[in-house]
Amino acid sequence: MVNPIATLLLESGAIEFGDFLLASGARSSYYIDIKAATTNPVVLAAIGKTISEDWEFEMVAGVAVGAVPIAVAVSLASGRPYAIIRKEEKDHGKAGTIVGDVDGRDVLLVEDVTTSGGSALYGLEALRAAGAHVDRVVTVVDREAGAGEALAKKGASLSALVRVSELLDG
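Our subject in this report is the structure included herewith. (Residues numbered from 1 in each chain as written. Predicted model: local features only at pLDDT ≥ 70, side-chain atom pairs only at ≥ 80, totals over all residues. Heavy atoms only, no water.)

Here's the deal with unusual backbone geometry
Then step 1. Cis geometry marks the peptide bond from Ala64 to Val65; its omega dihedral reads 10°.
Then step 2. Secondary-structure assignment places Val65 in the loop between strand 3 (59-63) and helix 4 (68-78).
Then step 3. In this structure, Glu144 takes a positive phi of about 55° despite not being glycine.
Then step 4. Within the fold, Glu144 resides in the loop between strand 7 (136-142) and helix 6 (147-152). (Helix = DSSP H or I, 4+ residues; strand = E, 2+ residues; numbered from the N terminus.)

As for the packing of aromatic side chains
Then step 1. Taken as a whole, this structure holds one aromatic pair when the rule is applied.
Then step 2. The aromatic ring of Phe57 is capped on one face by Arg80, whose charged end is 4.8 Å from the ring centroid. (Phe/Tyr/Trp six-rings, centres within 6.5 Å; stacked < 30°, edge-to-face > 60°. Lys NZ or Arg CZ within 6 Å of the ring centre and 35° of its normal.)

As for the pattern of salt bridges
Opposite charge on two side chains permits them to pair, given that their charged atoms come into close proximity.
Then step 1. In this structure the tally under the stated criterion is six salt bridges.
Then step 2. Glu53 is paired through a salt bridge with Lys49; the nearest N and O atoms lie 3.1 Å apart. Of the two residues, Glu53 and Lys49 both sit in helix 3 (residues 41-54), four residues apart, roughly one turn of that helix.
Then step 3. With relative accessibility at 53%, the residue Glu53 sits in the exposed group.
Then step 4. Three or more residues joined by partner-sharing salt bridges are found here, namely Asp106, Asp135 and Arg136. (Salt bridge = Lys/Arg side-chain N within 4 Å of Asp/Glu carboxyl O. Buried < 20%, exposed > 50% of the residue type's maximum accessible area, 1.4 Å probe, protein only.)

Overview of the layout of surface pockets
Any empty space left between the atoms is revealed when a probe the size of a water molecule rolls over them.
Then step 1. There is about 510 Å³ of room inside the largest pocket.
Then step 2. Taken together, 26 residues make up the lining of the largest pocket; nearest its centre are Ala23, Lys35, Asp112, Val113 and Ser119.
Then step 3. A total of four residues in the lining of the largest pocket trace back to one element, the largest contributor, which is strand 6 (residues 107-114).
Then step 4. Residue composition of the lining of the largest pocket, grouped by class: 12 nonpolar, eight polar and six charged. (1 Å grid on protein atoms, 1.4 Å probe; cavity = no way out; pocket = protein on both sides within 12 Å on 5 of 7 lines; lining within 4 Å. Points joined across faces, edges and corners; volume = space filled by probe spheres on them. Nonpolar A, V, L, I, M, F, W, Y, C, P; charged D, E, K, R; others polar.)

Brief notes about the side chain of Asn3
Then step 1. Positionally, Asn3 belongs in the segment before helix 1 (4-11).
Then step 2. What makes Asn3 buried here is its relative accessible area of 15%.
Then step 3. Side-chain polar atoms of Asn3 contact the backbone oxygen of Leu161, separated by 2.7 Å.
Then step 4. The residues contacting Asn3, other than those within four sequence positions of it, are Leu161, Val162 and Glu166. (Polar contact = N/O pair within 3.5 Å; in protein donor to acceptor, adjacent residues only side chain to side chain. Contact = heavy atoms within 4.5 Å.)

With respect to the packing of helix 3 against helix 4
Then step 1. Two numbers describe how helix 3 lies on helix 4: the axes approach to 8 Å, and their chain directions differ by 60°. Looking at the two axes, helix 3 sits oblique to helix 4. Between helix 3 and helix 4 lies a crossing whose hand is right-handed. On helix 4, the residues that touch Leu44, Ile47, Gly48, Lys49, Ile51 and Ser52 of helix 3 are Pro69, Ile70, Ala73, Val74, Ala77 and Ser78.
Then step 2. For the contact of helix 3 with helix 4, the class distribution of residues is eight nonpolar, three polar and one charged. (Axes fitted to C-alpha atoms, helices over the stretch in contact; angles between N-to-C directions. Parallel < 35°, antiparallel > 145°, perpendicular 65-115°, else oblique. Left-handed = near helix turned anticlockwise from the far one by under 90°.)

Next comes the structure, spelled out in C-alpha cells:
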C-alpha cells in the first residue's frame with residue numbers, strides 16, 4: 001500500500017467488519033474506528049504532521065469529540081493554534097460553541113471520518129457564525145458517501161488523507 005496513513009490505520013485495526021449503525025443513521029458492513037487509532041501516538045502524530053505540511057491555515061479546528069485529538073496533533077505539528085467546536089453550547093462558565101478565538105482567521109476544519117458530512121457541516125456553520133473564514137475540510141477517512149458533495153453546496157471543499165476504498169482494497 002502506497003498511502004502511509006492508510007497503512008497505519010490498517011495496522012492499528014481501525015477497520016472492523018460486522019453490522020454497524022453510523023452517526024449518519026445509515027447501516028454499514030464495516031466500521032472505521034479512527035478514535036481507537038488516534039489513541040496511538042504514532043498514528044496521531046503522523047496524521048498531524050501530514051495535515052500540517054499539506055495545507056495552509058492560520059488555525060485548525062475540530063468538532064468534539066473525534067476531531068479534537070486531530071486538531072491538537074495538527075496544532076502541535078504546525079505550531080498554530082487550535083479551536084474546539086462543541087456539539088452543543090454550554091450554559092455555564094464561558095458559554096459558547098467555540099473554544100478559541102477564530103474571528104477573522106483562516107481556519108482549517110479537520111474531521112476524523114466523513115460519511116454524509118453532517119458533523120463537518122455543523123462545524124463549518126459554527127465557525128462561520130463565529131467569524132472564521134473556512135472553506136476547507138480535511139478528513140482522515142472519507143467514506144465516499146456524499147460528504148464532499150454536501151460540503152461543496154456550502155462552498156467548502158473536502159480533502160481526505162485516506163478514502164475508504166483504499167482501506168477496503170488494502
